[in-house]
Amino acid sequence: MLFYDRMQFAFTITFHYLFPQLTMGLSLIIVYFKWKYLKTQNEQYNHATHFWMKIFALNFAMGVVTGIPMEFQFGTNWAKFSELTGGIIGQTLAMEGMFSFFLESSFLGIFLFGEKILGHKWHFVTGVLIMIGSWASGYLIIATHSWMQNPVGYEILANGKFVLTNFKALFLNPWLWPSYLHNQAASLVTSSFIVAGIGAFYILSQKNVSFGKLFLKTGVIFGLISSIIVAVPTGDLLAKNVVKYQPVTFAAMEGIFHTEKKGSEIVLIGQPDVKDKKLDNKIAVPNILSFLTYGNWDQEIKGLDQFEEDLHPTNISGLYYAYHIMVGLGTVFIGLMVLSLFQLIRGKLFETKWILWSLMFMMPFPYIANTTGWYTAELGRQPWLVYNLMRTAAGASPTVSSGNTLFTLLGFIGLYLLLGMLFLLLIGKIINKGPHHVELSTEKI
């Protein structure tokens, strides 16, 4: 039964997060376009604002539709978890719904339809409020997630229920800010690649070329900055948190089956053989991992052999591959954006077709990187729901049969397949129609 409970939640949350990861980063880019319009009075920026707001609104709607079933799963599939920890996670989740979601959704309607009534300055303010709501929503969700990864400020009552004893500790959790900033930067990477990729599409197809150049330039600049921030400092800080608070997870992520006394190598390529506790066909660089983690070439990093097997992540291979896919793609993102910016500075980006094709081809890959990043976090916490305090098996609903869960999972797969096809059809129509055509101002894009 536990397998199907986990599969259903994994499927629904994976599909759901395809949409917020775009809207959070895109809200910042939309605010940027509107700010540029106020500064330059170039109508092209305002049309860009409206174009991307249509895509934002469609993603937001899909996020709402796919987010609601997850809340019900807390009561159906994970009733025991909700019963025991609801006094803590219920507060942050309720705050996300009451404050962040309603702030974002209320002003979204005003932003879409109220520009003529509000005027451009208040329209810009409305866009800022949407961005604040979007980013606050991410903050409160990740505050919940961070408590599950590193529980703080709690007390366990005699009946097994968790109660919050220090509200401030919940928001000063050392796990929270590195995770939040890493997640938001990763969201901006997704948005930047989508903006740049659609810009490249317009240039290559000789359609809406002036907007294509604007989108491409904007996406490349935002994409390079956010791709670097994902790696350093946020990714670095988050990895050091894993070392400190979940050392067995770090060992599994890096494929360290045996402790290396004089510094740990960093594995570039390798396949984990969990049964024989080794990495096959590995390519590694000696001592680099110790230096990156501790700033000391010879620092020992504990391997999986230092921990009892019942504390090991339950899917070491999945965790290892998810982590390395995320890191590998992140490295590719930085390299591609560096090359793109170099050509942009030289004034040759718009004519460099192989980079334009590469940016178009790479549009789905930030979604993969974000998804594998979340899989790394979730697979790394297993076998715990609340790290070191509640095992995953203890949080499942005891009265829901595996047959019921499998049946509803199949229903979700069919329904989300239809929703996904409808979403792609509508997005395709928006992109094909393009922004409203306006004459370029004399300002250089």
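Residues numbered from 1 in each chain as written. Predicted model: local features only at pLDDT ≥ 70, side-chain atom pairs only at ≥ 80, totals over all residues. Heavy atoms only, no water.

**Let's talk about the packing of aromatic side chains**
Each aromatic ring pair is specified by the distance between its two centres and by the angle formed by the two planes. As enumerated under the stated definition, the model contains 37 aromatic pairs in all. Look at F15 and F19: their rings are 5.5 Å apart centre to centre, the planes differ by 70 degrees, and that puts the pair in the edge-to-face class. Here F15 matches F19 in class, with each residue buried. Joined through ring pairs, the aromatic side chains of Y32, F33, W35, F51, W52, F201, Y202, F211, F215 and F222 make up one cluster. Lying across the ring of W384, R391 places its NZ or CZ 4.4 Å from the centre. (Phe/Tyr/Trp six-rings, centres within 6.5 Å; stacked < 30°, edge-to-face > 60°. Buried < 20%, exposed > 50% of the residue type's maximum accessible area, 1.4 Å probe, protein only. Lys NZ or Arg CZ within 6 Å of the ring centre and 35° of its normal.)

**Some words on the pattern of salt bridges**
With the rule as written, the count across this model stands at 9 salt bridges. Taking the shortest distance from any N to any O, the salt bridge between K80 and E83 comes out at 3.5 Å. In this pair, K80 and E83 both sit in helix 4 (residues 79-113), 3 residues apart, roughly one turn of the helix. K80 sits in the partly exposed class, given a relative accessible area of 32%. Relative accessible area serves as the criterion here: at 42%, E83 is assigned to the partly exposed category. Across the pair K282 and E265 runs a salt bridge whose closest N-O atoms are separated by 2.3 Å. Placement of K282 in strand 4 (residues 278-285) and of E265 in the loop between helix 10 (247-254) and strand 3 (266-273) is noted, with a sequence separation of 17 residues between them. Residue K282 is classed as partly exposed on the basis of its relative accessible area, which comes to 40%. (Salt bridge = Lys/Arg side-chain N within 4 Å of Asp/Glu carboxyl O. Helix = DSSP H or I, 4+ residues; strand = E, 2+ residues; numbered from the N terminus.)

**Regarding the side chain of N287**
With respect to the helices and strands, the residue N287 is situated in the loop between strand 4 and helix 11 (288-294). Side-chain polar atoms of N287 contact the backbone oxygen of W297, separated by 2.8 Å. Excluding residues that lie within four positions of it along the chain, N287 makes contacts with K262, G263, S264, E265, W297 and D298. (Polar contact = N/O pair within 3.5 Å; in protein donor to acceptor, adjacent residues only side chain to side chain. Contact = heavy atoms within 4.5 Å.)

**Structural notes on helix 10**
Most of helix 10 is tucked away: 7 of the 8 residues are buried. Taken together, the buried positions of helix 10 are V248, T249, F250, A251, A252, M253 and E254. Of the surrounding elements, those touching the buried residues of helix 10 are helix 9 (209-245), strand 3, strand 4, helix 11, helix 12 (316-346) and helix 14 (365-381). With its phi angle positive at about 70 degrees, G255 sits one or two positions after the end of helix 10.

**Topic: the packing of helix 3 (residues 43-76) against helix 16 (residues 402-433)**
Each pair of packed helices can be described by the angle between their axes along with the distance between the axes. Viewed as axis vectors pointing N to C, helix 3 and helix 16 meet at an angle of 175 degrees, and their least axial separation amounts to 10 Å. Accordingly, the angle class assigned to the pair helix 3 and helix 16 is roughly antiparallel. Residues F51, K54, I55, L58, N59, M62, V65, T66 and P69 of helix 3 lie in contact with helix 16, whose contacting residues are F412, Y416, L419, F423, L426, I427, I430 and I431. (Axes fitted to C-alpha atoms, helices over the stretch in contact; angles between N-to-C directions. Parallel < 35°, antiparallel > 145°, perpendicular 65-115°, else oblique.)

**Side note on the confidence of the model for the protein**
The share of residues in the protein with pLDDT of 70 or more is 98%, and the mean pLDDT across the chain is 93. Across the protein, element-level confidence peaks in helix 13 (residues 353-361) with a mean pLDDT of 98 and bottoms out in helix 4 with 90. (pLDDT = per-residue confidence, 0-100.)

**Some details on the layout of surface pockets**
There is about 1,200 Å³ of room inside the second largest pocket. H182, G235, Y323, M326 and V327 are the residues nearest the centre of the second largest pocket, which is lined by 49 residues in total. Counting residues per element, the lining of the second largest pocket draws most heavily on helix 9, which supplies 11 residues. Partitioning the lining of the second largest pocket into residue classes produces 27 nonpolar, 18 polar and 4 charged. (1 Å grid on protein atoms, 1.4 Å probe; cavity = no way out; pocket = protein on both sides within 12 Å on 5 of 7 lines; lining within 4 Å. Points joined across faces, edges and corners; volume = space filled by probe spheres on them. Nonpolar A, V, L, I, M, F, W, Y, C, P; charged D, E, K, R; others polar.)

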